[in-house]
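The lines below spell out each chain.
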Amino acid sequence: MHAYKYMNLLLVKPYRILSFSSHLLHMKMAAITLFSLLLSVLIISTNSRNIPPIHSHSLAPSDSLSPPQDWTTTEAHRHHHNPHRDLASSNFTHVCDSSRFASLGLHMAEFAYCDKSLPYSIRAKDLVDSMTISEKVAQLGNKAYGVARLGLPMYEWWSEALHGVANTGPGTHFDNNSIPGATSFPTVILTAASFNESLWKTIGQVVSTEARAMYNLGLAGLTFWSPNINVVRDPRWGRITETPGEDPFVVGRYAVNYVRGLQDVAGHKNPKDLNSRPLKIAASCKHYAAYDVDNWLGIDRYHFDARVTEQDMVETFLRPFEMCVKEGDVSSVMCSYNRVNGIPTCADPKLLSQTIRGEWDLHGYIVADCDSIEVIHHGHKWLNDTAEDAVAQVLQAGMDLDCGTYYTNFTESAILKGKARESDVDKALRNLYVVLMRLGFFDGSPTFASLGRDDVCSMENMDLAAESAREGIVLLKNEGETLPLRSNKYKKLVLVGPHANATAAMIGNYAGIPCHYVTPLDAFSALATVHHEMGCVDVACKNQSFINQAVAASKEADATIIFAGLDLSIEAESLDRTNLLLPGYQTQLILDVADAAAGPVVLIILSAGGVDITFAKTNPKINAIIWAGYPGQEGGRAIADVVFGHYNPGGRLPITWYTADYVTKLPMTSMQMRPVDNLGYPGRTYKFFDGPVVYPFGYGLSYTQFKYKLTSAPSSVTKKLKAHQHCHDISLKPNAFVPSCPSVLVEETRCGDAINVEIEVSNVGHQDGSHVILVYSKPPADLVGGPVKQVVEFKRVFVPTGVTKTVKFSIDVCKSLSVVTDTAYLVLPAGEHTIMVGDGDEAVSFPVHVNLYS
């Protein structure tokens with residue numbers, strides 16, 4: 001989520017090379033833009049003088065021209081000046097405090113927006129109706145400037161909390177005198193590998209508690225633009241680290257749980273009016289929609305047009321967002337930079353007002369990814385719009401808030417030129433202010449008033465970060481039960497590789513300042529005598545200079561632990577990969593060290609995306625392989641716990657690890673999920689690709705063994721059509737049996753039926769452990785274009801050794817057995833479906849016949 005701006009008169013936009021004449025033209029445009037911006041700031045400053053923000057951070061007017069995050073690095077916004085506050089000097093905690101108004105020479109009783117007896121909707125309308133056009137547009141950017149004469153302070157909307165409170169946006173910063181850092185959990189892809197819904201929600205609760213504590217101390221806002229719930233379509237995508245993986249249902253369940261953890265206030269989960277439901281903090285599900293190309297071979301997100309079939313939109317790209325809004329009741333959705341089928345997402349009324357707010361009934365606001373309007377104007381050059389045209393398009397489409405300055409700078413002129421309606425601005429502002437009222441920005445939140453410094457980086461929170469990493473870590477190989485290592489046997493270790501002493505690499509992007517780091521070297525040194533050799537200076541590993549020292553050290557060790565993989569220099573926002581191999585000489589380092597090692601060799605991979613490590617998987621001298629993602633501030637501690645058996649790994653891969661040749665068979669820009677036969681493109685994700693892989697989705701080993709026994713399951717489901725309900729044809733293979741009623745539309749069908757499954761899970765090994773049970777459905781075999789299989793339920797259960805636990809699943813027939821047709825209908829097909837519990841050798845399955853009749 002970076003910015004896209006003119007920074008000064010001499011800056012040339014880096015997304016293309018300008019000719020000399022074009023350069024001059026852009027300099028003129030930049031000068032005009034700068035003049036307009038300065039004029040707006042002057043007007044806004046006049047309107048908002050003497051009213052500093054409550055618990056918010058705002059860029060000074062000159063800061064709006066600072067280097068944008070998009071065009072530099074994630075660090076561009078890491079260092080911010082001190083926030084403007086009125087709490088430090090006056091002890092005011094919220095807007096509608098009569099003493100605060102009195103200090104401003106105002107009488108709070110004169111402002112209906114502070115009347116707590118009125119509904120939020122009436123109060124928000126009063127506030128908006130009290131503003132002039134100029135005052136209204138000054139509140140439409142991420143930096144809302146406030147209105148002095150109304151007692152409305154400034155507010156900074158942009159804060160981030162992807163896997164802990166981050167200082168990526170200007171709304172949050174850390175202070176050595178109060179809160180120098182916050183708990184940094186594993187990046188989302190590793191947390192997702194735990195397949196533990198209660199963990200996901202608990203992390204959200206801890207993150208929101210730390211966020212509220214920082215808000216109370218004037219260090220953060222209340223609106224956090226997280227989580228990222230884009231589905232991982234292509235293994236080259238640079239932002240896999242931020243996401244919950246490749247399965248839309250799993251991604252959706254992560255979104256629901258994390259958002260509930262961030263937002264929910266105890267006792268207020270399901271009020272009659274969701275627009276009045278109090279919020280702990282406000283989350284935002286992003287980036288909507290079909291966003292998963294950042295910068296691949298010169299094709300970037302600021303210009304990319306994702307050509308997506310409606311089938312794939314419904315089935316894959318929209319589903320997590322629908323779940324986030326309808327089941328998670330998220331208070332915001334962020335639209336993305338890219339176009340979808342020719343239309344910028346932030347300017348598409350079908351995607352925004354018709355779907356998010358209409359069909360899904362969003363209770364909140366829609367925000368642009370930062371400077372998306374400028375991307376529409378200068379990047380996509382959509383419809384050759386002027387700045388006012390672009391503003392009018394997104395406003396009419398239903399976008400409420402601009403992370404950027406286009407709304408602030410050009411909305412008033414768009415209205416005065418007749419291109420936009422002031423009523424649309426009113427609507428947007430009402431949506432924004434109702435959210436702030438639900439957050440207690442106006443009335444205070446006594447429930448959270450006591451949170452402070454002691455609630456950030458507590459031991460309990462840091463232990464949860466370690467547990468999150470342990471639960472996500474995936475055991476990929478363990479020949480001869482090499483792991484766990486026994487500390488009484490393996491007393492002398494050598495740690496080699498670019499991640500052996502990892503710090504910042506463990507917390508990935510969209511991270512704040514962690515409470516501390518526990519590096520692998522720190523953690524292993526506490527358990528054994530450790531010799532450390534880099535092997536490579538960094539993950540790029542561009543030369544062999546240090547390999548020999550690592551080889552020599554491995555000859556003297558009881559066991560060798562190799563830490564290899566990727567980092568943000570290889571996979572990141574604005575940086576997609578071009579191959580699936582380890583960088584530079586890392587492969588040679590691993591092979592040379594393994595060949596020379598005197599004792600067992602354990603390979604630890606730190607990465608988000610999959611890596612083709614077939615060479616290690618098949619090498620008998622590499623005894624064990626662990627994937628540790630980017631494990632957060634406690635990463636070294638978690639990895640050591642797994643290696644030494646203090647924790648039995650139970651994580652499962654949330655993405656497919658493809659072989660390296662997969663990416664040679666199709667461009668990253670091909671959006672189709674199913675195989676494209678005429679072009680020779682393979683399918684994507686486990687749902688539509690059944691070719692050879694390094695490790696499949698859902699793969700993960702344990703130090704113990706589990707067995708399943710199916711104890712209860714139905715064999716058929718019968719559904720009677722409603723009066724006047726029609727059957728629908730579906731595509732079947734030639735010569736297939738065609739039922740009298742091939743399928744029915746889910747939206748027209750009486751749903752609510754469940755397939756109740758009961759299964760016994762037995763730990764037949766020698767160590768207690770947690771086990772992830774994945775439940776899949778497979779459509780009738782004769783259906784054309786259906787998924788190979790799809791996750792419909794999952795649970796993580798702890799089973800002590802020698803114990804059998806009974807696990808129950810209630811599988812919704814309409815949701816779990818339905819498929820999306822090539823015409824984008826969601827249908828329930830008749831015929832024999834298959835429910836499969838588990839993967840691999842322990843899997844059990846049973847058929848469920850769906851009968852449809854009039």
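Scroll up for the structure.
What you see is a predicted model; the values in this text were computed from it and never measured.

J.: When you look at helix 13 (residues 387-397) in this model, what are you seeing that I'm missing?
T.: Every α-helix carries 3.6 residues per turn, so stepping three or four residues along brings you back to the same face. Within helix 13, nine of the 11 residues are buried, leaving the element largely enclosed by the surrounding structure. For helix 13, the set of buried residues is Ala387, Glu388, Asp389, Ala390, Val391, Ala392, Val394, Leu395 and Ala397. Considering only its buried residues, helix 13 is in contact with helix 11 (350-359), helix 12 (372-380), helix 14 (406-416) and helix 15 (422-438). Remark: glycine 398 follows helix 13 within two positions and exhibits a positive phi of approximately 115°.

J.: Teacher, can you tell me more about the sheet that holds strand 23 (residues 769-778) here?
T.: One key point about sheets: their strands pair by backbone hydrogen bonds, in either a parallel or an antiparallel sense. The strand order across the open sheet formed by five strands is 20-29-28-23-24, and the pairing between neighbours is mixed. Each end of this open sheet is capped by a strand with a single partner; those strands are strand 20 (716-720) and strand 24 (790-799). The average angle at which neighbouring strand axes cross in this sheet is 20°, direction not considered. Pairing of strand 23 with strand 24, which is carried by nine bridges, proceeds in the antiparallel orientation. Within strand 24, the position partnered with serine 770 by the bridge is phenylalanine 798.

J.: Help me understand the pairing of strand 29 (residues 844-853), please; the structure alone is not making it clear to me.
T.: As a general feature of sheets, a regular strand has side chains that alternate between the two faces. Where burial is concerned, the two faces of strand 29 differ: the one with Val844, Phe846, Val848, Val850 and Leu852 is buried and the one with Ser845, Pro847, His849, Asn851 and Tyr853 is not. Note: strand 20 against strand 29, five bridges, orientation parallel. Of the residues in strand 29, the one forming a bridge with threonine 718 is asparagine 851. Here strand 28 (residues 831-837) runs beside strand 29; their pairing, made up of seven bridges, is antiparallel. Residue pairing in the sheet places methionine 836 in a bridge with serine 845 of strand 29. From the end of strand 28 to the start of strand 29, which pair antiparallel, there are six residues, and glycine 838 there has a positive phi angle of about 90°.

J.: What is the right way to read the packing of aromatic side chains from this model?
T.: To describe a pair of aromatic rings, one takes the distance between the centres and the angle between the planes. Tallying each qualifying case throughout the model produces 31 aromatic pairs. With a centroid separation of 6.5 Å and 55° between ring planes, the pair formed by phenylalanine 101 and tyrosine 113 is classed as tilted. Here tyrosine 113 lies in the loop between helix 3 (98-103) and helix 4 (120-129) and phenylalanine 101 lies in helix 3, a separation of 12 residues in the sequence. For phenylalanine 101, a relative accessible area of 0% corresponds to the buried category. Accessibility expressed as a relative area gives 1% for tyrosine 113, which makes it buried. Each ring, one from tyrosine 288 and one from phenylalanine 321, has its centre 5.3 Å from the other, and the planes form 75°; the classification is edge-to-face. Placement of tyrosine 288 in strand 3 (residues 285-288) and of phenylalanine 321 in helix 10 (residues 319-326) is noted, with a sequence separation of 33 residues between them. Here a set of aromatic residues connected by ring pairs shows up, and it is made of Phe101, Phe111, Tyr113, Tyr155, Trp157, Tyr365, Tyr433, Phe441 and Phe442.

J.: Mind showing me how you'd approach the sheet that holds strand 22 (residues 754-763) here?
T.: Strand order in the open sheet formed by three strands is 19-22-25, and the pairing between neighbours is antiparallel. Two strands in the sheet have a free side with no partner beyond their single neighbour: strand 19 (706-712) and strand 25 (804-812). Averaged over neighbouring strand pairs, the angle between their axes works out to 30° when direction is ignored. When strand 22 meets strand 25, the two strands line up antiparallel, connected through nine bridges. Across the sheet, the residue bridging to asparagine 756 is serine 810, located in strand 25.

J.: Just checking my understanding: could you explain the packing of helix 8 (residues 248-263) against helix 10 for this structure?
T.: For any two helices packed against each other, the geometry comes down to the angle between their axes and how far apart the axes lie. It is at 8 Å that the axes of helix 8 and helix 10 come closest, and there the two elements cross at 25°. Accordingly, the angle class assigned to the pair helix 8 and helix 10 is roughly parallel. As for the relative orientation of helix 8 and helix 10, their crossing is right-handed in sense. Between helix 8, through Pro248, Phe249, Val251, Gly252, Arg253, Ala255, Val256 and Val259, and helix 10, the contact on the second element is made entirely by Arg319, Pro320, Met323 and Cys324. Across the contact of helix 8 with helix 10, the residue classes tally to nine nonpolar, one polar and two charged.

J.: How should I be thinking about the state of the cysteines in this particular structure?
T.: Between two cysteines, a covalent bond joining their sulfur atoms is known as a disulfide. Summed over the entire model, instances satisfying the criterion amount to eight disulfides. Sulfur-sulfur distance for the disulfide between cysteine 536 and cysteine 541 comes to 1.9 Å. Judged by the sign of its S-S torsion, about -55°, the bond between cysteine 536 and cysteine 541 is left-handed. What makes cysteine 541 buried here is its relative accessible area of 2%. Between the sulfur atoms of cysteine 727 and its disulfide partner cysteine 741 the distance amounts to 2.1 Å. Negative torsions about the S-S bond denote left-handed disulfides, and the value of about -110° found for cysteine 727 with cysteine 741 makes this one left-handed. One end of the pair, cysteine 727, is in the loop between strand 20 and strand 21 (743-745); the other, cysteine 741, is in the loop between strand 20 and strand 21, with 14 residues separating them in the sequence. Taking relative accessible area as the criterion, cysteine 727 reaches 32% and is therefore assigned partly exposed.

J.: Any chance you could explain unusual backbone geometry here in plain terms?
T.: Keep in mind that most residues, glycine aside, have a negative phi and that most peptide bonds are trans. Between lysine 286 and the following residue, histidine 287, the backbone shows a cis peptide bond with an omega angle of -5°. By the element assignment, histidine 287 lies in strand 3. For the bond running from leucine 483 to proline 484, omega is 5°, close enough to zero to count as cis. Along the chain, the position of proline 484 falls in the loop between strand 11 (474-478) and strand 12 (492-496). The backbone of cysteine 541 sits at a positive phi, close to 45°, despite the residue not being glycine. For cysteine 541, the position within the fold is in the loop between strand 13 (529-533) and helix 18 (547-554). Despite not being glycine, asparagine 735 has its phi angle at roughly 70°, a positive value. Structurally, asparagine 735 can be placed in the loop between strand 20 and strand 21.

Reading guide: rules and limits
- Residues numbered from 1 in each chain as written.
- Predicted model: local features only at pLDDT ≥ 70, side-chain atom pairs only at ≥ 80, totals over all residues.
- Heavy atoms only, no water.
- Buried < 20%, exposed > 50% of the residue type's maximum accessible area, 1.4 Å probe, protein only.
- Helix = DSSP H or I, 4+ residues; strand = E, 2+ residues; numbered from the N terminus.
- Contact = heavy atoms within 4.5 Å.
- Pairing = 2+ DSSP bridges.
- Axes fitted to C-alpha atoms, helices over the stretch in contact; angles between N-to-C directions.
- Phe/Tyr/Trp six-rings, centres within 6.5 Å; stacked < 30°, edge-to-face > 60°.
- Parallel < 35°, antiparallel > 145°, perpendicular 65-115°, else oblique.
- Left-handed = near helix turned anticlockwise from the far one by under 90°.
- Nonpolar A, V, L, I, M, F, W, Y, C, P; charged D, E, K, R; others polar.
- Disulfide = S-S within 2.5 Å.

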